[in-house]
Every structure is written in C-alpha cells, then in structure tokens.
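# Notes for the structure review
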Amino acid sequence: MTVRLRAHHLLCLLTYSGKGYSSAFTTNLDSVADRIQLGEEIVVVSEADDVCAPLLAESDVHCHRESVMRRDDVAAAELSAILGYSIRPGTAFRMDGELITTMRDAFVAGVTRSACSGCEWFDLCSTTAAAHYVDARLTARRSPSDSGSRSTIRPAAVLQSARALPDDPLSKLSFP
Ligand code: SF4
C-alpha cells in the first residue's frame, strides 16, 4: 500500500494531534498517520488525497479549490528547498525519524509556513510546534535504533530515503 499525500499535507501531518473537521476525518487521519509511522511509502499527488478522502462526498468540498492547489505548490517549493530534492507529483519516499525531525525543525522555525497562510488551523499548528510536537500523533521515534533526537536542517541527510517512481518523468531527483 502507498499513502497518497498532496504536498501541503506533509506539513499538516507534522502537527496533527487528533483534531479536525469531523470524527470521520480524524479517524481517517489517525490511520494515515499510523501508516506513515509504520514506514508505509508516501507518494506525492497533485489532487485530493488519502487525507481528503472522508470529505469528498460533501458538496463544494474545499479540497478541489484553486487556493488549496496553490497551498500545495507553496508547500512543495519550500519543502524541496529544505530537503534538497524536488517534492512534486510522483515523488515517493518513506518518513523516518530524521526526516520528520528535519521537517519539524524547518516548520517551527517558520521556514515552511508560507503554505499555512490563511489556514484556520494556523494557531493550533503553531502551538503544537512550539511545544516540541509532544501532542502530535506522528512521532520522530520509531524504534530503539531510531532515537528521534533533534537535529539541525541538513538537506542531504534524508536523500537516501527518497526515490523516484520509475515511470514518472517528473521525478528526476538529484541524489548526492
Ligand atoms: S496551519 Fe493549516 S496548512 Fe499549515 S500545517 Fe496546520 S493545518 Fe496544515
């Protein structure tokens, strides 16, 4: 199985703490976070994703709006800058403790917060990040050998956990 995620949801998962639009939404997002925690592969998509799924039956669901697509574009650009490879549709990777920590360090420093502009959850996410993500469902600690210790942003440190999908012409990632 693969977790399909639009780019800005890579940010949302860093601070997700069980709160959301509905119980169906949070139940689903709990499951998505747990799958990522267990090392399931993530593939970046440019449309409604596995997080959006419980909302898609609603009329005028916000997931399809241009503003949300722009949020994805901004998140992808800022994440690409800190990770050192392109986050775009087709990019596939797994989250490990080091990657989560790298992304969280950038998030709490404000380096990847442009996509959050205007989001109704902004203050909650800021509070969770400022509290060192202790309330977040996704943890940077996955196993005894993965201590989840905090680190500074090291763009090259996560590249070994990323790969391009073989049939995706956009995923020409540059590896060190
Ligand atoms: S502020 Fe909004 S877009 Fe940013 S991480 Fe939180 S929920 Fe996601």
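Thresholds, definitions, all that
- Residues numbered from 1 in each chain as written.
- Predicted model: local features only at pLDDT ≥ 70, side-chain atom pairs only at ≥ 80, totals over all residues.
- Near = placed C-beta within 6 Å.
- Helix = DSSP H or I, 4+ residues; strand = E, 2+ residues; numbered from the N terminus.
- Nonpolar A, V, L, I, M, F, W, Y, C, P; charged D, E, K, R; others polar.
- Contact = placed C-beta atoms within 7 Å.
- Axes fitted to C-alpha atoms, helices over the stretch in contact; angles between N-to-C directions.
- Parallel < 35°, antiparallel > 145°, perpendicular 65-115°, else oblique.
- Buried ≥ 20, exposed ≤ 12 C-beta atoms within 10 Å, placed from the backbone.
- Pairing = 2+ DSSP bridges.

Per an unreviewed UniProt entry, the protein goes by the name DUF1284 domain-containing protein and belongs to Aquibium carbonis.

Further remarks concern the site of the ligand. Around the ligand sit His-8, Leu-11, Cys-12, Thr-15, Ala-115, Cys-116, Cys-119, Trp-121, Phe-122 and Cys-125, and that is every residue in its neighbourhood. With 4 residues, the single largest contributor to the shell around the ligand is helix 1 (residues 7–15). Partitioned by chemical class, the residues of the shell around the ligand number 8 nonpolar, 2 polar and no charged.

Within the secondary structure layout, Asp-49 lies in the loop between strand 2 (41–45) and helix 3 (66–83). As for Asp-49 and Val-3, which are separated by 46 residues in sequence, their C-alpha atoms are 8.4 Å apart. When neighbours within four sequence positions are excluded, Asp-49 is seen to be in contact with Arg-4, Leu-5, Arg-6 and His-9.

At a closest axis distance of 6 Å, the pairing of helix 1 and helix 3 adopts a crossing angle of 75°. When the axis of helix 1 is compared with that of helix 3, the two are roughly perpendicular. Facing helix 1, whose interface residues are Ala-7, His-8, Leu-10 and Leu-11, helix 3 presents Arg-71, Asp-72, Ala-75, Ala-76 and Leu-79. A breakdown of the residues in the contact of helix 1 with helix 3 according to their chemical character gives 6 nonpolar, 1 polar and 2 charged.

Our focus in this paragraph is the environment of Arg-35. Residue position: Arg-35 is located in helix 2 (residues 23–37). Since 16 C-beta atoms lie within 10 Å of it, Arg-35 is described here as partly exposed. For the pair Arg-35 and Val-3, spaced 32 residues apart in sequence, the C-alpha to C-alpha distance is 7.6 Å. Among residues more than four places away in sequence, those in contact with Arg-35 are Val-3 and Glu-40.

Bridging between strand 1 (residues 2–6) and strand 2 involves 5 bridges; their strand directions are parallel. Residue pairing across strands places Arg-6 opposite Val-45, the latter belonging to strand 2. One ladder, built from 2 bridges, connects strand 2 with strand 3 (residues 91–93); its direction is antiparallel. Bridge assignment links Val-43 to a residue of strand 3, and that residue is Ala-92.

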